[in-house]
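Structure assessment
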Protein chains: 2
Amino acid sequence: MTQKYSRMTEVLIRELKSSIGEKSVSVKDHEIENYSHDESSLIEPCNPDVIVKPLNRNDVAAVLKFAGKHSIAVTPRGAGTGLNGGCVPLYGGIVLSMEKMNRVHEIDTDNFMASVEPGLSLTQLNLDVGQYGLKFPVQIGDMSASIGGAVATNAGGMNAVKYGVTRHHVLGLEAVLSSGEIIQTGGKFVKCSTGYDLTQCIVGSEGTLAVVTGIILKLARILKYKELLFIPFTNLQDAVDAVPEILKLNTIPIGLELIERDIVKLVEKAFGIEVPYKDNEAFLIVITENDSFDDILRFFSQVEDICRRHDAVEFFAPGDESAKKKILEMREKVYPAFQKTGPFAEIDTVVPRSKVAQFIYDVKGIAARMDMSVLASGHAGDGNIHLHPLCVNEPKQEWLKKLPGLMDEIYRLCGSYHGAVSGEHGIGLDKKRFVPMTADRGSLELMKKLKYAFDPDAILNPGKIFDL
Amino acid sequence: MTQKYSRMTEVLIRELKSSIGEKSVSVKDHEIENYSHDESSLIEPCNPDVIVKPLNRNDVAAVLKFAGKHSIAVTPRGAGTGLNGGCVPLYGGIVLSMEKMNRVHEIDTDNFMASVEPGLSLTQLNLDVGQYGLKFPVQIGDMSASIGGAVATNAGGMNAVKYGVTRHHVLGLEAVLSSGEIIQTGGKFVKCSTGYDLTQCIVGSEGTLAVVTGIILKLARILKYKELLFIPFTNLQDAVDAVPEILKLNTIPIGLELIERDIVKLVEKAFGIEVPYKDNEAFLIVITENDSFDDILRFFSQVEDICRRHDAVEFFAPGDESAKKKILEMREKVYPAFQKTGPFAEIDTVVPRSKVAQFIYDVKGIAARMDMSVLASGHAGDGNIHLHPLCVNEPKQEWLKKLPGLMDEIYRLCGSYHGAVSGEHGIGLDKKRFVPMTADRGSLELMKKLKYAFDPDAILNPGKIFDL
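Residues numbered from 1 in each chain as written. Chains lettered and ligands numbered in written order. Predicted model: local features only at pLDDT ≥ 70, side-chain atom pairs only at ≥ 80, totals over all residues. Heavy atoms only, no water.

Turning next to the pattern of salt bridges. Residue and element names in this part refer to chain A. All told, the structure shown has 72 salt bridges over all chains when counted by the stated rule. Here Glu-289 ties to Lys-162 by a salt bridge, and the two come within 3.3 Å at their closest N and O atoms. With Glu-289 in strand β14 (residues 282-290) and Lys-162 in helix α6 (residues 160-163), this pair connects stretches of sequence that are 127 residues apart. Connected through shared salt-bridge partners, Glu-31, Lys-53 and Glu-99 make up one network. (Salt bridge = Lys/Arg side-chain N within 4 Å of Asp/Glu carboxyl O. Helix = DSSP H or I, 4+ residues; strand = E, 2+ residues; numbered from the N terminus.)

Following this line, the structure appears as structure tokens:
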């Protein structure tokens with residue numbers, strides 16, 4: 001089916017303004033431009049006809065009823081920090097920016113939960129709940145992202161080894177269906193076997209099934225100490241081989257990150273962040289937290305024993321806060337460093353974690369055969385590997401011609417590893433052609449049926465995840 | 001819509017036998033009777049026309065194609081240990097018993113995962129993975145249940161405080177759709193943002209969306225020590241008030257159970273299991289595990305400090321294995337003790353955990369006004385409370401007349417606490433009329449649309465969760 005979407009006319013804009021108030025609707029040129037793209041480097045922007053900033057769920061319901069009546073595409077948007085064009089309004093129409101719905105309704109310290117609106121940034125969320133010794137433990141690259149965006153993409157990040165991903169922290173939702181009906185799913189409890197889990201259907205659906213207007217979050221306690229080990233290895237395989245053994249220890253680290261030499265050097269060049277031992281091929285960063293410093297020391301000594309057996313070169317446990325910060329900053333600046341360096345693409349595959357090294361070697365083999373360069377970093381503790389094809393020593397146009405072939409081969413390889421296209425960024429616009437390489441036909445057809453069950457007129461974020 | 005289902009005729013039975021083999025199809029009287037019920041105490045059995053025991057996914061696909069063609073109801077069944085009639089074949093037809101599909105395909109010690117078939121019992125699963133120091137950490141009342149049944153009901157159990165529920169341990173599924181198409185969802189990874197989460201759609205859907213034929217499970221490491229504290233309180237409120245404080249400690253216990261005096265006495269009477277301090281009103285059982293015994297002692301001492309402030313009467317840490325076993329056995333025998341005692345009903349509500357005491361007091365108030373008795377036990381650490389209306393001192397027929405009114409009031413109360421009908425048992429047959437008391441109309445309508453998206457002819461486990 002190909003859906004046809006209408007564009008907003010002057011008359012329709014007036015109707016919309018009279019329905020939800022003049023102030024919530026913008027057609028200003030600079031806003032149209034601002035809301036035409038996300039942070040992805042290679043996706044063409046698309047202008048929306050109009051931007052709506054709802055103040056509450058009733059505004060959202062009114063917008064969706066209006067859009068359904070007139071067949072207008074509605075693209076929900078968080079903070080616009082996505083990397084796959086998930087909030088790019090491919091068919092114009094309405095961008096529904098949730099930025100003004102950023103309140104915290106409740107922080108429940110007895111149940112370790114918070115009830116919040118989707119426009120709240122992750123940074124602000126942690127400031128608010130941090131006053132009560134609590135945190136939202138999903139730590140992603142850009143914490144200016146909104147919690148609504150994290151829910152839409154099922155954001156993962158660096159702490160997934162211990163804490164899992166956004167999905168595991170969403171206990172309930174308030175959501176507006178495309179009909180304008182408002183539903184409540186789940187609640188302030190972890191256990192629930194009462195019908196289908198609509199909460200988990202909506203999490204990760206990238207705004208294509210419903211517009212989330214409220215989120216019940218499970219929080220975690222802030223522990224007293226957070227420490228890290230930075231461990232250089234002479235080769236990637238050794239680094240990755242140590243990972244399953246570390247994860248068999250009694251203490252589960254919050255993060256177990258892998259980064260390769262050329263990326264460390266890229267970050268150094270882009271931001272002047274120097275880290276020690278940078279001439280080694282690969283590095284593990286082991287991050288842990290605990291109320292007891294002795295427990296951390298005991299854990300680190302066990303990690304050292306394991307890594308030593310896997311020929312680690314050194315164990316750097318930064319003693320002071322600034323050295324610690326430097327390592328974490330180096331890890332966090334990987335994506336911005338690529339942005340500063342030149343044309344690059346971003347791949348967010350996930351494979352079984354024991355296969356990470358072989359997968360990366362295979363990818364590099366493919367790239368070498370095509371005379372291209374791919375750098376790797378990522379979350380070794382959970383198999384979510386970020387691969388970055390990078391344009392070096394050739395004109396961008398030439399590189400862009402070769403890129404689709406490289407991407408195809410990498411995703412096909414990922415399929416052969418029984419992996420998936422995206423571990424944490426989502427599919428959005430520019431990954432959808434790869435989904436069939438890791439998902440079977442029956443699953444894809446079923447997803448489309450679910451889409452129609454939720455949104456029969458397909459007005460919500462059309463053109464994302466798959467083509468209908 | 002009311003679906004009409006055909007019954008199996010001699011001709012159809014011959015067709016089915018010729019399709020999947022004579023040996024997999026049974027119409028023997030004693031089998032028909034055995035497969036007509038589950039463990040629920042108040043649900044009328046229904047005879048299936050035929051029992052099919054598939055050997056592999058192709059058998060399942062053949063059965064579903066056959067059933068679709070002839071409009072025969074198909075009721076998937078695990079070990080039959082459910083408590084809400086979820087596997088009772090309301091419309092006769094085919095019971096699809098997964099008992100012969102009980103193989104372990106793979107135990108992956110590097111990734112802490114196993115790939116298994118649904119007919120495997122939880123006991124056998126733990127024996128198999130236990131050889132590698134691993135466990136499936138969901139500990140439910142009856143471990144003879146099958147893993148497929150646990151997936152169907154999203155079983156929870158005693159360890160949910162630390163480990164979550166079945167849903168959190170299912171990373172991927174092989175499932176047969178009602179069309180006969182076989183799909184694979186998820187994979188051997190925790191992070192995935194590649195389209196809608198079909199895995200989590202199917203988990204907890206009680207066999208109404210698809211027939212699960214393979215499960216990729218996330219496992220946990222077996223820790224060296226498992227210890228418990230048995231703590232009597234003079235009143236329920238004190239016991240429950242200690243719970244949020246215990247959960248703020250650095251160590252997360254695996255379980256935090258609540259039980260009241262009259263249930264302890266019931267178990268004692270039914271099975272002769274005597275526990276100490278049994279004249280107190282309420283008891284907490286705090287269960288923890290660790291590789292370090294010192295850590296356990298430290299944790300228990302913190303728990304004692306908290307409970308002392310909440311007027312706990314005593315702290316009983318059973319030193320020897322037999323005393324420990326007695327406490328756990330007492331907890332595990334609650335349901336069997338009710339079964340031995342006389343007519344009773346079973347309620348599996350979940351409410352925010354900080355509200356548990358008030359909820360139980362309110363329930364008891366309702367029961368007292370109706371001159372009825374309700375006893376409470378359950379998972380204080382996660383708000384999942386089992387309430388047992390019990391027939392005492394009156395004829396069963398009289399009690400049965402009053403029971404529906406009591407159930408209505410309890411579930412309505414649960415709704416006012418923003419709770420849900422079932423925390424871990426599922427809805428099945430006998431809880432479906434209560435679902436609208438805790439779920440809104442829009443959510444219920446959406447669930448029915450999902451049902452049709454998966455199973456357009458509604459042949460899979462009809463009459464369960466809701467009426468279409």
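From this point on, the discussion continues.
Within the structure shown, the criterion is met by 20 aromatic pairs over all chains. The interplanar angle of 85 degrees and the centroid separation of 5.6 Å between the aromatic rings of Tyr-196 of chain A and Phe-466 of chain B together place this pair among those described as edge-to-face. Of the two residues, Tyr-196 of chain A is situated in the loop between β9 (182-186) and α7 (198-202) and Phe-466 of chain B in the segment after α16 (441-454); the pairing between them involves two chains. Joined through ring pairs, the aromatic side chains of Tyr-335, Phe-338 and Phe-344 of chain A make up one cluster. (Phe/Tyr/Trp six-rings, centres within 6.5 Å; stacked < 30°, edge-to-face > 60°.)

Of the two same-sequence chains, chain A is brought onto chain B (RMSD 0.0 Å, axial shift 0.0 Å) by a rotation of 180 degrees. What the superposition gives is, in effect, a two-fold axis relating one chain to the other. A shared binding surface is used by both copies, with 99% of the interface residues of chain A retained as interface residues in chain B. (Least-squares fit on C-alpha atoms with pLDDT ≥ 70 in both. Contact = heavy atoms within 4.5 Å.)

Below, the discussion takes up helix α3 (residues 57-70) of chain A. Every α-helical turn comprises 3.6 residues, leaving residues that sit three or four positions apart pointing alike. All names here are of chain A. Under the 1.5 Å per step criterion, the end-to-end length of α3 is 20 Å for 14 residues, consistent within 8% with the ideal 20 Å. Of all the positions in α3, only Asp-59, Val-60, Ala-61, Val-63, Leu-64, Phe-66, Ala-67 and His-70 are classed as buried. Each element contacted by the buried residues of α3 is listed here: α1 (10-20), β2 (50-52), β3 (74-77), β4 (94-97), β8 (170-176) and β10 (211-218). Its side-chain oxygen at 3.0 Å from the backbone nitrogen of Asn-58, Asn-56 defines the N-terminal cap of α3. Phi for Ser-71, located one or two positions after α3, is positive at around 55 degrees. (Expected span 1.5 Å × (residues − 1). Buried < 20%, exposed > 50% of the residue type's maximum accessible area, 1.4 Å probe, protein only. Polar contact = N/O pair within 3.5 Å; in protein donor to acceptor, adjacent residues only side chain to side chain.)

Looking now at the nonpolar core. Ranked by size, the top nonpolar core spans 194 residues in total, and within it Ile-147 and Leu-284 of chain A together with Ile-147 and Leu-284 of chain B carry the most contacts. When neighbours within four sequence positions are excluded, Ile-147 of chain A is seen to be in contact with Val-116, Glu-117, Pro-118, Leu-120, Leu-122, Leu-125, Phe-136, Ile-215 and Leu-217 of chain A. (Core = buried A, V, L, I, M, F, W, Y, C linked by side-chain atoms within 4.5 Å.)

A common way to report how large an interface is uses the accessible area buried once the components associate. Taken together, the contact pairs 80 residues of chain A with 79 residues of chain B. Surface buried jointly by chain A and chain B totals about 6,200 Å² across both partners, of which 57% is contributed by carbon and sulfur atoms. It is Lys-191, Ser-193 and Tyr-196 of chain A that lose the most area in chain A upon contact with chain B, and together they represent 16% of the buried surface on that side. In this structure, the connection of chain A to chain B is made through 10 salt bridges. Here chain A and chain B share 42 residue pairs in polar contact (both at pLDDT 80 or more) between them. Breaking the side of chain A that touches chain B down by element, the ones donating at least two residues are β9, α7, α10 (293-309), α15 (435-438) and α16 (441-454) of chain A. For the side of chain A that touches chain B, the element with the most residues is α16 of chain A, which contributes 10 residues. Residues of the side of chain A that touches chain B, tallied by class, amount to 30 nonpolar, 31 polar and 19 charged. (Buried area = accessible area lost by both parts, 1.4 Å probe. Nonpolar A, V, L, I, M, F, W, Y, C, P; charged D, E, K, R; others polar.)

Residues and elements named next belong to chain A. All of the buried residues along α1 are Leu-12, Ile-13, Leu-16 and Ile-20. One face of α1 carries all of its buried residues, which in axial projection span an arc of 100 degrees. The exposed set on the far side of α1, more than 90 degrees from its buried face, consists of Glu-10, Val-11, Arg-14 and Ser-18. The secondary structure elements touched by the buried residues of α1 are β1 (25-26), β2, α3 and β4. Just past α1, the residue Gly-21 takes up positive phi, approximately 100 degrees. (Arc of directions from axis to C-beta.)

All names here are of chain B. When you line up the elements, Ile-285 lands in strand β14 (residues 282-290). Sequence separation of Ile-285 and Ala-155 is 130 residues, and the distance between their C-alpha atoms is 20 Å. Excluding its chain neighbours within four sequence positions, the residues that come into contact with Ile-285 are Leu-228, Leu-229, Phe-230, Gly-255, Leu-256, Glu-257, Ile-327, Met-330 and Arg-331.

With that out of the way, let us pick up the sheet that holds strand β10 (residues 211-218) of chain B. Residues and elements named next belong to chain B. With antiparallel pairing, the five strands of this open sheet are ordered in space as β5-β6-β10-β8-β9. With partners counted over all chains shown, the strands left at the sheet margins are β5 (104-108) and β9 (182-186), one partner each. Averaged over neighbouring strand pairs, the angle between their axes works out to 10 degrees when direction is ignored. Of the strand pairs in this sheet, strand β6 (residues 113-116) and β10 are connected by four bridges, and their pairing is antiparallel. Counted as the bridge partner of Ala-114 is Leu-217 from β10. Sheet strands in contact with helix α4 (residues 122-130) are β5, β6 and β10, and its direction is about 45 degrees off that of β5. (Pairing = 2+ DSSP bridges. Axes fitted to C-alpha atoms, helices over the stretch in contact; angles between N-to-C directions.)

Everything listed here is a matter of coordinates, which is why it stays silent on function.
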